[in-house]
Structure formats: structure tokens, C-alpha cells
Amino acid sequence: MARVLVAFGSSEGQTATIAERIGDVLEAAGHDVVVVHAKHPPAELDPGTYEGVIVGASIHMGSHQSYVESFVDTHSEALNRLPSAFFSVSLTAAHDDPAERKPARDLLEDFLEETGWEPDATLLVAGALKYREYGLLKRFMMRRIARSEGGDTDTAQDYEYTDWDEIEAFAEEFTTLLPDASEPDPR
Ligand SMILES: Cc1cc2nc3c(=O)[nH]c(=O)nc-3n(C[C@H](O)[C@H](O)[C@H](O)COP(=O)(O)O)c2cc1C
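Residues numbered from 1 in each chain as written. Predicted model: local features only at pLDDT ≥ 70, side-chain atom pairs only at ≥ 80, totals over all residues. Heavy atoms only, no water.

Another aspect to go through is the nonpolar core. By size, the foremost hydrophobic cluster in this structure holds 25 residues, and its most contacted members are V55, V68, F71, V72, F86 and W117. Only β1 (3–8), β3 (52–60), α2 (66–74), α3 (76–81) and α4 (98–115) provide two or more residues apiece to this core. Excluding anything up to four places from it in sequence, V72 contacts V55, L79, F111, T115 and W117. Listed in part, the 23 residues of the second largest apolar core include V25, I54, F174 and L178. (Core = buried A, V, L, I, M, F, W, Y, C linked by side-chain atoms within 4.5 Å. Buried < 20%, exposed > 50% of the residue type's maximum accessible area, 1.4 Å probe, protein only. Helix = DSSP H or I, 4+ residues; strand = E, 2+ residues; numbered from the N terminus. Contact = heavy atoms within 4.5 Å.)

This brings us to the site of the ligand. Taken together, 21 residues surround the ligand, and among them S10, T15, I59, T92 and A128 come closest. Between the ligand and S10, the relevant distance is 2.6 Å, taken from an oxygen atom to a side-chain nitrogen or oxygen of the residue. The backbone of M61 places a nitrogen or oxygen atom 3.0 Å from a nitrogen atom of the ligand. Isolated, the ligand exposes 640 Å² of accessible area, and the fraction of that covered by the protein chains is 91%. Listing elements by their share of the shell around the ligand, those giving two or more residues are α1 (14–28), β3, β5 (84–90) and α5 (136–148). When its residues are assigned to classes, the shell around the ligand shows 8 nonpolar, 11 polar and 2 charged. Looking at which domains feed residues into the shell around the ligand, each of domain 1 (3–127 + 162–175) and domain 2 (130–161) gives three or more. (Near = heavy atom within 4 Å. Polar contact = N/O pair within 3.5 Å; in protein donor to acceptor, adjacent residues only side chain to side chain. Areas by Shrake-Rupley, 256 points an atom, 1.4 Å probe, with all protein chains shown as cover. Nonpolar A, V, L, I, M, F, W, Y, C, P; charged D, E, K, R; others polar. Domains from an automatic or database assignment.)

As a packed pair, α2 and α4 sit with axes 9 Å apart at the nearest point and diverge in direction by 40 degrees. Overall, the two elements α2 and α4 adopt an arrangement that is oblique. With respect to the hand of their crossing, α2 and α4 are arranged in right-handed fashion. Counting all contacts with α2, which are made through V68, E69, V72 and D73, the residues of α4 involved are F111, E114 and T115. Tallied by class, residues from the contact of α2 with α4 come to 3 nonpolar, 1 polar and 3 charged. (Axes fitted to C-alpha atoms, helices over the stretch in contact; angles between N-to-C directions. Parallel < 35°, antiparallel > 145°, perpendicular 65-115°, else oblique. Left-handed = near helix turned anticlockwise from the far one by under 90°.)

Okay, the side chain of T115 next. Tracing the backbone through its elements, the reader meets T115 in helix α4. Given the relative accessible area of 6%, T115 is considered buried. Within the local environment of T115, its side chain forms a polar contact with the backbone oxygen of L112, the two atoms lying 3.3 Å apart. When near neighbours in sequence (up to four residues on either side) are disregarded, T115 contacts E69, V72, D73 and S76.

The structure is reproduced here in C-alpha cells:
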């Protein structure tokens, strides 16, 4: 069993839900998991005391949450020493065509370059359009963006593009990087 930290940034809740799902998969695999919001982590939190760290953030107006960037900046030494992974949630990632997904890949690479973090795994994750939860202005703006990109525009409903099988596979793959207490002692 390994102790794993999952830290996330989320503005409308989708990345939070994804972080929880990752936590559930890791727990089901027998690991001890702590999921924290990177905007207000517990004061005593020290990522360096975990055996693996996964960080998630979502894209708004062309960038990831700055508080996630600060979190990664602050803990980059530990993140580079431990098994670690980063997932980036956006609507751009919902495109099937790799060329249309490229802006999300570029933002992910920028994030890593700016923080100096070299995670073992990364994933672009398709997020959600939560029209019913947005205020008037946000709903109008998101509908305009969706229309210009050929996306879903019925503001009477929400749309979720996240591929949960892909999320679970990502979490399961991460477990292969963790120290496995069930392995026989070599002595
Ligand atoms: C105000 C606003 C701005 C957004 N800007 C972008 C953007 O620049 N690029 C993108 O791919 N997705 C953008 N999105 C889509 C979000 O990344 C997507 O809704 C994601 O699921 C949000 O995750 P969260 O709920 O964890 O914050 C935007 C969404 C909102 C509401």
C-alpha cells in the first residue's frame, strides 16, 4: 500500500469530480489516498511525505488555475523525486482531431515548463459544459464559444465529455509506478 496525494484545481467542479474518481480507483487498488483542493490545502500538507502525487487543473481563458501552478512550483522538488502525474481538463481536449487538441497540449507543456515539473505521465481530459450552473454572462459566453467551435449550444442542459474509462485507466496505470508493499521481501 502506498500513500498517494491527489491535488486539483477546479472552477466549476468537473476537475474535482475527476480527482475524486482517481482517488476511488487508487483506493480500490489498496492505496491510502488524500484528495485536496490546491486552492486551500491543509496547512500541514507536505507532498514530500507521500509516495506518489497526481495533480489536476482545468483551463479557463487559455490558462490553468494560477494557484495550481503555485502549488506545483512550491513542491516541484518533491514532485520531481516521486512518481507523479498531471492531468489537464478542458473543452479543447474533447476534440477527436489531434490538430484541434493541440492548443490544450501546448498549454500543458507550457505549464510544465514554467513550473520545472517533469511528471511520469500526463493526460488531456475532456471536461464539461455546465450551462445550467453558469451565471447569465458565463452561459452566454460559453454558448458563443461552443457555437464557433461546432459544439453543443442548448443551454437548457449540461454536457459532459469526460471519458471515465480513460480516467480509470490513467489511475490504474499510475498504480504501476507506486511502491508495492505486497511484493515479497527480497531478503
Ligand atoms: C469561463 C470559462 C472559460 C473557459 N475557457 C476555456 C479555454 O480557454 N479553453 C478550453 O479548452 N476550455 C475552456 N473552458 C472549458 C473548461 O475547461 C471546462 O468547462 C472544464 O470542464 C472546467 O473544469 P472545472 O469545472 O474543473 O473548472 C472554459 C470554461 C469556462 C466556464
